[in-house]
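An overview of the molecular structure
Below, each chain spelled out in residue letters.
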Amino acid sequence: MAVQDAVHKQKEIQEYDTHWYRLKERLAPYPFIAPFFVAFLVFQLLPIAFSIFLSFAEWNGMGAIEFLGLKNFSVMFQDPKFWNALKITFYITAFCTIVGTAGATLLAVLLEKVEDWLASILRVFFFLPSVTSVVVIGYIWKQLYSSDYGFFNTLLMGLGLPPQQWLTDSTLALPALLVMLIWAGLGWDSLIITAGLRSIPDEVYDAGKVDGTNGWTEFWYITLPLLQPTLLFVLVTGVIFLWGIFAQPSILTGGGPLRHTQTIAMYLYDVGFRYHKFGYASAIAMILSLIMFISSYLNFRFVKSEAEY
Amino acid sequence: MNRRRKILGYGIGGFLFLFAMLYLFPYVWMTSMSFKADAEIFSGKVFPEHPTLEQYQRLFSGYQFKDITLTIPYLTYYKNTIIVTVFSMALVLFFDAMAAYGFAKFNFPGKTILFWLMIGTMLLPVYSTLIPSFWLFSVLKWINTYRALILPGVVDAYGIFLLKQYMETIPNELLDAAKVDGAGAFRRFWQIVVPLSRPAIATLAIFRFLFIWNDYLWPLVIIRDDTMYTLTLGIANMQLRQGMVVWGSQMAASVLATLPVLILVLVMQKQFLRGLTAGAFKA
Amino acid sequence: MKIKFLLLTTLVIASMILATGCAPAVTQPSAPTEAPGATEAPAGENRTVTVWGFVWTADWLDAIAPGFEAEHPGVKVKVERFEYDPYQEMVLTTLASGQGVPDVVTLDPMWAGDLIRGGTVLPLDKATTELDVADFVPAGWNLYAWQGVQYGIPLDLDFQLVFYRKDVYDKAMATLGMTEFPTTIEDFRTLATEVTKETGKPALLLSQGDYYSWYQSFLAPMGGNLINEQGTEYIFNNDKAVEALQLYSDLANVDKTAKLWSTDVDGDATVALKGGDAMAILNGSWYATEIASGAPEMQGQWAIAPVPFGPEGRPNDAATGGACLSIPTQAKEPDLAWEFIKYSMTPENQAEYFRIVAGVPSLKTSWTDPALDEVNDFFGVPIGRSVADWSLRAAPMQLPSLEVADLIGEAITKATTGESTAQEALDEAANAAPPLK
């Protein structure tokens, strides 16, 4: 019996050496990659190629496509609305990533010091906005900020202070948006940072204790440097997300007042879907993509170099 | 020493708890508005004096405005969102897992190029494909269909990346042993790799669910009439009727739309944290 | 093992088919019934002409459809109705995508310009031969002419009027010794100041950032326009335009008799009027129906007058807008579409338009209908007749592109909130405007 099994096994092993088998193995990955690849080609690569092409042309979606060379880009560089949108988006990205990440780190660190059962409840609380639809968040905050009926103004008036035009005053609209954005992202970021904190092995802290570190120096010299990859991740994803932000400002202020909260994605949408200038919109999309790409690359490089000590 | 830490812990915990209460105020607002009758909506008080289910009823039985009844097909919105989310998730998870397996466990010509191409497009905003995709769907006559909502989401480079990282940690010896036992590539995939990747797949499933359930931009572009609205579009468009006090129903609609997500998070919170820690993002 | 793989692939494909199949694959907006029949069948075979309209215009289309079907046996009219707000988006995207294009489409002057200049609607060459141009109010007819070709047949004439609180204004007029509603800017400013003094409330509501309203009531009467006659350059930043914008801003900021109102932020204007928060408003003649239904308890308290802003002695040179019927270039039944438009332009059918939509028709021959002389319950006067008479003096608007309309709207907001001077704001808009071809 055992001999027969052994022979059988040997035969099987020999079988695996045949050309047929090797061919089968060689061809194996393709059916796995295929569905993704087809969808990728159709829904990503080809549209991107077409978009690049369109950025050198003008098209209103109905008539002919008119080739324009670099004209869209020259118009863009002189377009005050484009630069405005760029500026606004830059402010949003810079402010929210820096303040947001700092806040999230603080929150994560504090949470680690809290008893487990309480900490997990708190984590769920802070995480809620990240799972809520941007539309829902947008409309809640829109109501809270409402000049006549919103809660914030009711509160102010209750304290004897004058009510503010949160969403229609050109100096207040952007800060109002920033507050909402940071509020929405805190939980998510702090969760990721928590994961990062937990991956720091205890030995390092113990070693630190031997050297006589206290709370603050421990944080600054041990935790922070070792948190670099996590922080990098949070920053990079934050940058990519914020450069392309559309729904939140669109719902909260519609880009107003007078484009003080209009992001570049919103401007792109307007140009394409409201004015039907698909060529120009594609050109803007190209620039936006380039910016996101460069930003995340720079982020990556910067934090990486910091990490190499 | 330990006692001191515990007291500090509770102290911080207490402080954070108070902060969390403030932090969650918008949700309190949302819920309390949803229970206010129209007359109370603009009262400026936080809690309703005479709570009512009026706003919720409106979502199902229509809105009386002047002398017409406007129906809000809320159930349709819910149905649409569920259909799109379920199908999308099934497809994405399946395709992602397969592709990740292909990348993780095999070598083939063009693998590196394809992989980097995929990563590169991950960094590109959806806007670069928005207009051509719109045009593509219009040519195919797929505007305003379920197809259009489900299919583009199938391309999920991020998910493949995540799963690939995870799958690479599965020891090859396990698969070689299976090979020797006569298992073909698919069998190895289905019976070994997938079960072992369950934590990562579950995490991915949660991410995709959240993304699709809450998606706004793509449905905005591709959906043309309100029988096909998803929940996010439906809530957004409740704003569009002039002269109507829609605040209340919007909040009611929001509460109902957020509930499934909330439940998911409560149930899956441990899973989430574990998934994020499981080498999912090691740069 | 292979079987399992096949089984799974089938499952995936099946679920895909299910996903795609269980879609109501609706590419048309509203409930799908039959597709617009589109074969070159000989007359008499079943053909359908699809007609798009919004709100009450759609109601009117429903009303006249059976008559058309009776005159053309074998032809069905399919009317598709939309709410006003999403209508623009719907028309623009449907015509762009080429899917589910109607045969006859109602256009709104706010955005019709882009469609006409973009070649998305057909030139109506039979317009001058099969219809009598003299029957139409010139302002209405010329509104939809471009470079000598007709692109739309006008439905109603929509120009701004002052809707004012008769009780309040009459009292103020008595105090000042005025016998009729002012017809000059100076007189109006005096009256408005008096009204504000007596009531402590704004005498007039002006729409903030509203290109349409400002163009019709201020720019056009003062002799300004968007583009010069040759069509070569923008002139909405010349002296006349700056004066018009300055007046607009002064009413709110200097005289403090006008309140700038934005529906997005401030809500429904009728609510403010109902509450006595303002004593008058500038709006199109269609507002008569809206205020009557929105504030029925104020019956008898309101009156209308032509817009007083303009050169001395020439009241109501407000330019007119108004909807029209056009035929998209990709319509499947352009001939039937034209027949339908022609049919809709009979005195009887246009009188019906007035009865249902309450907008005064462009077709003068329909004005003989007694409906125009009916005393309007809310206002106590036959407003149809008054508006019709006033319309004869109006000039057609120049249809802007959406982009230009948006730019000018922003300029208005900037000038009225003090962010820039009127000249600066308009110059900025003119510079940012897309070059004219």
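The text that follows walks through the structure, step by step, so that each part is easy to find. (Residues numbered from 1 in each chain as written. Chains lettered and ligands numbered in written order. Predicted model: local features only at pLDDT ≥ 70, side-chain atom pairs only at ≥ 80, totals over all residues. Heavy atoms only, no water.)

Now for unusual backbone geometry. Leaving glycine aside, a negative phi is the common case for residues, and trans is the common case for peptide bonds. Residues and elements named next belong to chain A. Even without a glycine there, the phi angle at R259 is positive, about 65°. Residue position: R259 is located in the loop between α13 (247-252) and α14 (264-274). The backbone of H276 shows a phi angle near 55°, a positive value even though the residue is not glycine. Following the sequence through the fold, H276 ends up in the loop between α14 and α15 (278-307). Accessibility expressed as a relative area gives 9% for H276, which makes it buried. (Helix = DSSP H or I, 4+ residues; strand = E, 2+ residues; numbered from the N terminus. Buried < 20%, exposed > 50% of the residue type's maximum accessible area, 1.4 Å probe, protein only.)

Time to look at the sheet that holds strand β1 (residues 47-54) of chain C. Within a sheet, neighbouring strands are paired by backbone hydrogen bonds and run either parallel or antiparallel to one another. Residues and elements named next belong to chain C. Overall, mixed pairing links the 5 strands, which are arranged β2-β1-β3-β12-β6 in an open sheet. With one partner strand each, in any of the chains shown, β2 (75-82) and β6 (153-154) form the two edges of the open sheet. As defined by bridge partners, β1 adjoins strand β3 (residues 104-107) across 2 bridges and the pair is classed as parallel. Bridge pairing in β3 links W52 to V105. Seen against the sheet, helix α2 (residues 55-71) touches β1, β2, β3 and β12 (324-326) and runs at an angle of roughly 175° to β2. Here helix α14 (residues 334-344) sits on the sheet in contact with β1, β2, β3, β6 and β12, set at roughly 55° to β1. (Pairing = 2+ DSSP bridges. Contact = heavy atoms within 4.5 Å. Axes fitted to C-alpha atoms, helices over the stretch in contact; angles between N-to-C directions.)

Below, the discussion takes up the nonpolar core. In terms of nonpolar packing, the biggest core is built from 198 residues, with A:I92, A:F246, A:I284, B:Y74, B:F103, B:Y216 and B:I222 touching the most fellow members. Broken down by element, the residue count for this core peaks at 19 residues, all from helix α5 (residues 74-105) of chain B. Counting contributing residues per domain, this core is built from domain 1 (1-40) and domain 2 (73-303) of chain A, each supplying no fewer than three. Sequence-distant contacts of B:I222, that is, excluding residues within four places in its chain, are made with B:F134, B:F137, B:I143, B:N144, B:A148 and B:L149. If you look at the next biggest cluster of nonpolar residues, it comprises 84 residues, including C:V101, C:L107, C:A303 and C:A433. (Core = buried A, V, L, I, M, F, W, Y, C linked by side-chain atoms within 4.5 Å. Domains from an automatic or database assignment.)

The partner chain A presents 90 residues to the 89 residues of chain B that form the contact. Across the chain B/chain A interface, buried area totals approximately 8400 Å², and carbon plus sulfur atoms make up 80% of it. At the boundary of chain B and chain A, one finds 0 salt bridges. Of the residues in the side of chain B that touches chain A, the class split is 68 nonpolar, 17 polar and 4 charged. (Buried area = accessible area lost by both parts, 1.4 Å probe. Salt bridge = Lys/Arg side-chain N within 4 Å of Asp/Glu carboxyl O. Nonpolar A, V, L, I, M, F, W, Y, C, P; charged D, E, K, R; others polar.)

Before going further, it helps to examine the interface of chain A and chain C. Interface size is commonly expressed as the accessible area that is lost once the parts come together. Listed per partner, the contact involves 15 residues of chain A and 20 residues of chain C. Between chain A and chain C, the buried area comes to about 1600 Å², and carbon and sulfur atoms account for 56% of it. Along the contact surface separating chain A from chain C lie 4 salt bridges. For the salt bridge of C:E403 with A:K81, the shortest nitrogen-to-oxygen distance reads 3.8 Å. Here chain A is connected to chain C by 4 residue pairs in polar contact (both at pLDDT 80 or more). The class makeup of the residues in the side of chain A that touches chain C is 4 nonpolar, 6 polar and 5 charged. (Polar contact = N/O pair within 3.5 Å; in protein donor to acceptor, adjacent residues only side chain to side chain.)

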